[in-house]
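Coordinates in review
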Amino acid sequence: MESTRQQKISRLLQKELADIFQKESRNLFMGKMISVTTVRVSPDLALAKSYVSIFPTDNNREVLKQIRIANPKIRGILGRRVGKQLRVIPELEFYIDDSLDYIDNIDRLLKD
């Protein structure tokens, strides 16, 4: 169960990361559209697990690798944006959100 503080920080980070990805995706991530679906913050607020959805879905792993390489730059940009609201900027971890693929797979299985 997440505390109210964790939920507020999660929403703030999700909004800011989505904006960062929208502005930086042309330069860094091969022009892919990257959306932040969920951010989960640890109870000590030191770690934020961000789940991203990448469109188009081909080369997902390669784009995720590029996101992880650019992690310090992304965290720096995030720190400049939310530095007045958070005392410590959490470490960022990125994962692919495959929930849409899972839903498509279930739909495909049900239609067969």
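What this report covers is the structure whose coordinates are included nearby.

What counts and how
Residues numbered from 1 in each chain as written. Predicted model: local features only at pLDDT ≥ 70, side-chain atom pairs only at ≥ 80, totals over all residues. Heavy atoms only, no water. Helix = DSSP H or I, 4+ residues; strand = E, 2+ residues; numbered from the N terminus. Pairing = 2+ DSSP bridges. Expected span 1.5 Å × (residues − 1). Bend = angle between axes of the 7 residues up to and from the residue. Buried < 20%, exposed > 50% of the residue type's maximum accessible area, 1.4 Å probe, protein only. Contact = heavy atoms within 4.5 Å. Arc of directions from axis to C-beta. Phe/Tyr/Trp six-rings, centres within 6.5 Å; stacked < 30°, edge-to-face > 60°. Axes fitted to C-alpha atoms, helices over the stretch in contact; angles between N-to-C directions.

**Topic: the environment of Arg80**
For Arg80, the position within the fold is in helix α3 (residues 71–82). Between the C-alpha atom of Arg80 and that of Ser53, which follows or precedes it by 27 residues, the distance is 24 Å.

**Let's talk about the pairing of strand β1 (residues 33–41)**
By the bridge criterion, eight bridges tie β1 to strand β2 (residues 47–55) in an arrangement that is antiparallel. Note on β2: the bridge partner recorded for Val41 is Ala48. The hairpin turn running from β1 into β2, its antiparallel successor, is five residues long, and Leu45 in that turn takes a positive phi close to 65 degrees.

**Examining helix α1 (residues 4–28)**
An ideal rise of 1.5 Å per residue puts 36 Å on 25 residues; α1 measures up with 34 Å between its terminal C-alpha atoms. Where α1 bends most, at Gln22, the angle is about 35 degrees. Here α1 has its buried residues at Gln6, Ile9, Ser10, Leu12, Leu13, Glu16, Leu17, Ile20, Phe21, Glu24 and Ser25. Those residues of α1 that are buried are in contact with β1, β2, α2 (60–69), α3 and β3 (91–96). One or two residues past the end of α1 sits Met30, with phi positive at roughly 55 degrees.

**So, unusual backbone geometry**
In this structure, the amide linkage connecting Phe55 to the following residue, Pro56, adopts the cis form with an omega of -5 degrees. Even without being a glycine, Asn59 presents a positive backbone phi close to 60 degrees. Assignment of secondary structure puts Asn59 in the loop between β2 and α2.

**Thoughts on α2**
Helical periodicity: at 3.6 residues per turn, an α-helix aligns residues three or four positions apart in one direction. Along α2, the residues that are buried comprise Asn60, Val63, Leu64 and Ile67. Down the axis, α2 shows its buried residues gathered within 100 degrees of arc, on one side only. When the buried face of α2 is taken as reference, the exposed residues oriented beyond 90 degrees from it are Arg61, Lys65 and Ile69. Looking at the buried positions of α2, the neighbouring elements they touch are α1, β1, β2, α3 and β3.

**A look at the packing of aromatic side chains**
Ring pairs (aromatic) are described by centroid distance and by the angle formed between their planes. Taken as a whole, this structure holds two aromatic pairs when the rule is applied. Seen from their ring centres, Phe21 and Phe94 are 5.8 Å apart, and the 75 degrees between their planes marks the pair as edge-to-face. On the criterion of sequence distance, the pair formed by Phe21 in helix α1 and Phe94 in strand β3 is long-range, its members being 73 residues apart. No difference in accessibility class separates Phe21 from Phe94, as the two residues are buried.

**Brief notes about the sheet that holds β3**
Read across the sheet, three strands follow the order β1-β2-β3 without closing on themselves; strand pairing throughout is mixed. The sheet is open, and its two borders are formed by β1 and β3, each paired with just one other strand. The sheet shows a mean angle of 30 degrees between the axes of neighbouring strands, direction not considered. Looking at chain direction, β2 and β3 are connected through six bridges and run parallel. Bridging from a neighbouring strand, Lys49 pairs with Glu93 of β3.

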